[in-house]
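# Coordinates in review
As a plain string of letters, each chain reads:
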Amino acid sequence: MTVRVATEISADRLFDYTVPEALAPRIRVGQRVRVPFGGRTVDAYVVEVAEDDAPSAADPDLFSLSDTSDGSNRPGGIRARRLRPILALEDDVPHLSPPLIALARWMADYYCAPFELTLRCALPAAVRNSGMKAKEQLYVTPCEGAFDLTKRQAELLGNLRRVGGGWLHALTREFACTAQTLKALAEKGAAAIEKRPMRRDPLANRKILPSQPMPLMPEQATALAQIFALLEDFSGRDGSPNRPPKDPADADFSRTPRGGVPTPAAPKPLLLFGVTGSGKTEVYLQAIARMLEQGRGAIVLVPEIALTPQTVQRFASRFGDRIAVLHSALSDGERFDEWHRIRTGEAVVVVGPRSAVFAPVKNLGLIVVDEEHEPSYKQDETPRYNARDVAVMRAHLEKCAVVLGTATPSMETWLNAGKSKYDLAQLTCRVSGRPMPCVQVVDMRLETAQAGHVQIFSRQLLEALKLRLERGEQSILFLNRRGYANALVCPKCGYTSACAECSVAHTYHRADSCLRCHICGAWKPVPDVCPECGDPAFKYAGFGTQRVELALEKCFPQARVLRMDADVTARKHSHDELLSIFKSGRADILIGTQMIAKGLDFPNVTLVGVLSADMSLHMPDFRAAERTYQLLAQVSGRAGRADLPGEVFVQTYSPEHPAVRAAASNQGFGPFAALELAERKKGGYPPYSHLVCLTFRGESEEKVRFCSETYARELAQATARTGVCVSDSCPAPLAKAKGRYRYQILLRAPTTRAMTLPLRGAMSKKTLPPGVTLAVDVDALNIM
């Protein structure tokens with residue numbers, strides 16, 4: 001028997017090994033094994049099993065680690081003389097299912113990434129670490145019968161029987177005794193003490209009360225019926241994975257050929273398009289409940305920034321211990337335990353950010369992608385996958401339903417729905433008929449002209465804040481820039497303090513009186529005088545959340561102000577604590593960056609102020625208008641979510657821009673999307689094409705520029721007359737970051753394969769010099 005494995009080493013190759021007879025009956029696809037690799041042993045994962053011992057010479061992806069004539073061990077070719085045996089099985093239960101392996105293969109092909117790296121996405125680092133084990137603690141169980149005990153021991157045994165036993169360390173606190181006292185009970189046979197696995201529960205310290213399904217509005221009921229139809233249409237699965245198409249948008253085939261035999265395909269993805277506050281989450285909850293009744297599992301993807309205690313609590317209150325939470329703030333132990341609860345079927349509903357799309361849910365029936373438009377679903381390191389598209393592909397492979405929910409769809413998803421590649425369900429009204437907030441656009445050009453200088457707050461916003469304070473209502477102020485001032489400028493000579501390692505200006509942080517780079521994190525103290533001319537009169541240009549907080553305290557000394565940005569939420573659970581303070585009414589005004597723009601539901605918030613809508617509007621990115629509209633619509637949706645009406649003030653220097661006008665109007669998303677799509681089609685930009693961004697990085701600008709220009713020429717020649725548009729090599733908008741120069745090439749084509757095939761050819765022929773790296777971003781969302 002021969003197995004093909006992917007090692008933990010990124011060789012972008014698969015290797016073949018023989019299986020010893022003693023291990024052959026236990027070997028299965030997806031298991032972790034130990035194999036010899038050169039002069040050492042490494043972990044690997046079985047991706048294929050063949051009954052015959054001979055490797056297939058027809059497969060160009062086959063490589064084996066064999067003994068060579070010179071006595072060294074190195075990857076051999078297809079003609080290797082002999083295969084080496086695997087050494088051991090690390091786990092009897094497979095870590096990876098066949099659909100997840102197929103998904104990793106598709107990701108490697110589509111995103112032009114090594115297969116080992118895409119496979120690694122499906123396994124958290126804590127799970128891949130063979131040294132990580134379940135936590136064990138001593139558990140005390142009372143025994144029945146009569147025992148010769150002292151009065152104190154008899155009292156302890158009675159208490160122990162009353163609570164039914166428990167963890168030794170917890171019982172010592174509860175009964176005000178020592179561990180030795182309880183062990184003395186065990187010595188007399190009155191109790192049993194044994195080691196048991198103890199779950200590291202990320203929700204252990206939260207009080208979560210059970211909740212019941214809520215009555216649905218007519219549109220909610222219609223949307224839920226559409227999801228039920230998807231689930232019912234595909235209740236009879238045969239268990240074999242579909243074969244993946246090349247593009248996620250094509251993953252809704254009615255039939256997929258498999259060895260000449262038609263196989264059922266997954267239902268179409270469903271776009272649940274609902275305004276903010278329309279009750280999309282309740283639709284998700286009731287759809288999942290129906291699915292659990294059928295013995296199937298679910299994955300709910302939420303942007304990391306919106307994975308708030310409120311979001312987790314809503315799912316945990318409905319599904320209790322059947323839920324597992326996965327996110328970056330978990331410890332390795334918590335992540336290890338949650339992942340194994342999912343694999344064993346103890347947890348059947350998974351809530352988490354983009355990495356949760358790979359959760360090993362048994363009998364997966366539904367994947368929900370909430371806020372599907374969020375750019376945080378795109379990973380910014382290899383493999384640079386988009387979790388939304390991976391979710392669509394996994395649903396196709398697992399033959400399950402996928403729901404994409406949002407109030408502001410991405411242009412790609414909206415176009416797919418318009419072409420009937422995706423089904424569409426709409427929620428046009430808020431729950432209980434609550435009105436949408438009234439949005440007013442404030443022209444800050446007039447405010448600045450009247451005041452004679454740049455204003456943080458307009459007069460209208462200050463009056464609205466004052467009114468809310470008098471009424472005892474709450475307000476949210478949004479500014480997507482942390483720190484005090486975004487630049488330190490000398491008014492005499494024009495010197496601006498900038499980071500030596502990055503091509504950006506320092507941001508002044510008043511809390512610790514230093515200048516910080518928001519790219520590399522470096523900092524330095526504020527100089528006493530200008531380094532260029534020696535003048536001491538510095539000017540702080542622009543404003544961030546720290547400056548807004550200080551200004552509010554001056555305008556409204558009586559107000560209880562809370563600030564929420566990356567500077568104050570670095571500590572674990574600090575995010576939860578700040579939101580709890582605001583929800584309980586112990587703060588009047590919440591200032592924050594994009595982490596407060598979504599996922600929050602505060603009934604007493606009646607005012608939202610967007611302090612600067614222009615920050616994302618004038619970025620050098622063709623998606624700038626789309627992202628500005630999405631951000632304005634999302635943050636506006638935090639107001640008026642209960643019985644009290646909401647009001648929103650959008651401060652901008654570009655009040656006539658279509659994105660700003662659309663977010664402030666009652667026309668909805670459709671007219672803005674039509675205008676934006678027309679512009680994209682005219683320029684040949686996504687979603688009417690696919691975009692690949694190649695970024696070259698290195699400490700030597702000359703080397704980086706040379707490599708980038710060489711690749712640009714090579715790709716232009718290879719794609720001539722193929723419909724691929726290859727840009728010239730040029731410095732990236734962020735020309736230097738963390739001491740490394742950055743050059744870019746942009747490719748556009750109707751299909752990704754038209755670009756990735758010649759790109760793979762160029763990568764195989766052109767070896768980059770030491771010190772230069774290449775990042776390939778397929779369907780790039782960030783071209784900075």
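Rules and cut-offs
Residues numbered from 1 in each chain as written. Predicted model: local features only at pLDDT ≥ 70, side-chain atom pairs only at ≥ 80, totals over all residues. Heavy atoms only, no water. Helix = DSSP H or I, 4+ residues; strand = E, 2+ residues; numbered from the N terminus. Rg over C-alpha atoms; globule rule 2.2 N^0.38 Å. Contact = heavy atoms within 4.5 Å. Areas by Shrake-Rupley, 256 points an atom, 1.4 Å probe, with all protein chains shown as cover. Lys, Arg positive; Asp, Glu negative; His and termini not counted. Charge placed at Lys NZ, Arg CZ, Asp CG, Glu CD. Pairing = 2+ DSSP bridges. Axes fitted to C-alpha atoms, helices over the stretch in contact; angles between N-to-C directions. 1 Å grid on protein atoms, 1.4 Å probe; cavity = no way out; pocket = protein on both sides within 12 Å on 5 of 7 lines; lining within 4 Å. Points joined across faces, edges and corners; volume = space filled by probe spheres on them. Left-handed = near helix turned anticlockwise from the far one by under 90°. Parallel < 35°, antiparallel > 145°, perpendicular 65-115°, else oblique. Nonpolar A, V, L, I, M, F, W, Y, C, P; charged D, E, K, R; others polar.

Turning our attention to the overall build of the protein. When you go through the protein residue by residue, the secondary structure sums to 21 helices and 35 strands. Over its C-alpha trace the protein gives a radius of gyration of 29 Å, about what one expects of a compact globule, namely 28 Å for 784 residues. Considered along the principal axes of its C-alpha atoms, the protein spans approximately 85 × 85 × 60 Å. Counting only contacts in the protein whose residues sit at least 6 apart along the sequence, the fraction spanning at least 24 positions is 74%. If you sum the accessible surface of the protein, you get close to 34,300 Å²; carbon and sulfur atoms cover 52% of it. Distance between charge centres in the protein, computed from 99 positive and 86 negative side chains, equals 1 Å.

Time to look at the sheet that holds strand 27 (residues 561-564). In space, the six strands of this open sheet follow the order 20-30-29-21-28-27, with parallel pairing throughout. In the strand order of this sheet, the two ends are held by strand 20 (438-443) and strand 27, each with one partner. Across the sheet, the mean angle from the axis of one strand to that of its neighbour is 15 degrees, orientation sign disregarded. Strand direction decides the pairing type here: strand 21 (residues 474-478) and strand 29 (residues 605-610), joined by five bridges, are parallel. In the sheet register, Ile476 faces strand 29, and the bridge partner there is Val608.

Our focus in this paragraph is empty space enclosed by the protein. One pass over the full model with this rule turns up two cavities of 30 Å³ or more. Approximately 60 Å³ is the volume attributed to the largest cavity. Sorting the residues of the lining of the largest cavity by element identifies strand 1 (2-7) and helix 2 (115-121) as the ones contributing at least two each. Among the elements that line the lining of the largest cavity, the one with the most residues is helix 2, at three residues.

Running from N to C, helix 8 (residues 280-293) and helix 9 (residues 309-319) cross one another at 30 degrees; their axes reach a closest spacing of 11 Å. The handedness of the crossing between helix 8 and helix 9 is right-handed. For the pair helix 8 and helix 9, the contacting residues are Thr281, Glu282, Leu285, Gln286, Ile288, Ala289 and Leu292 in the first and Arg314, Phe315, Arg318 and Phe319 in the second.

Taken N-terminus to C-terminus, the directions of helix 4 (residues 151-163) and helix 6 (residues 179-187) make an angle of 90 degrees; their axes are 11 Å apart at the nearest point. When the interaxial angle is binned, helix 4 and helix 6 end up roughly perpendicular. Residues Gln153, Leu156 and Leu157 of helix 4 pack against Thr181, Ala184 and Leu185 of helix 6. For the contact of helix 4 with helix 6, the class distribution of residues is four nonpolar, two polar and no charged.

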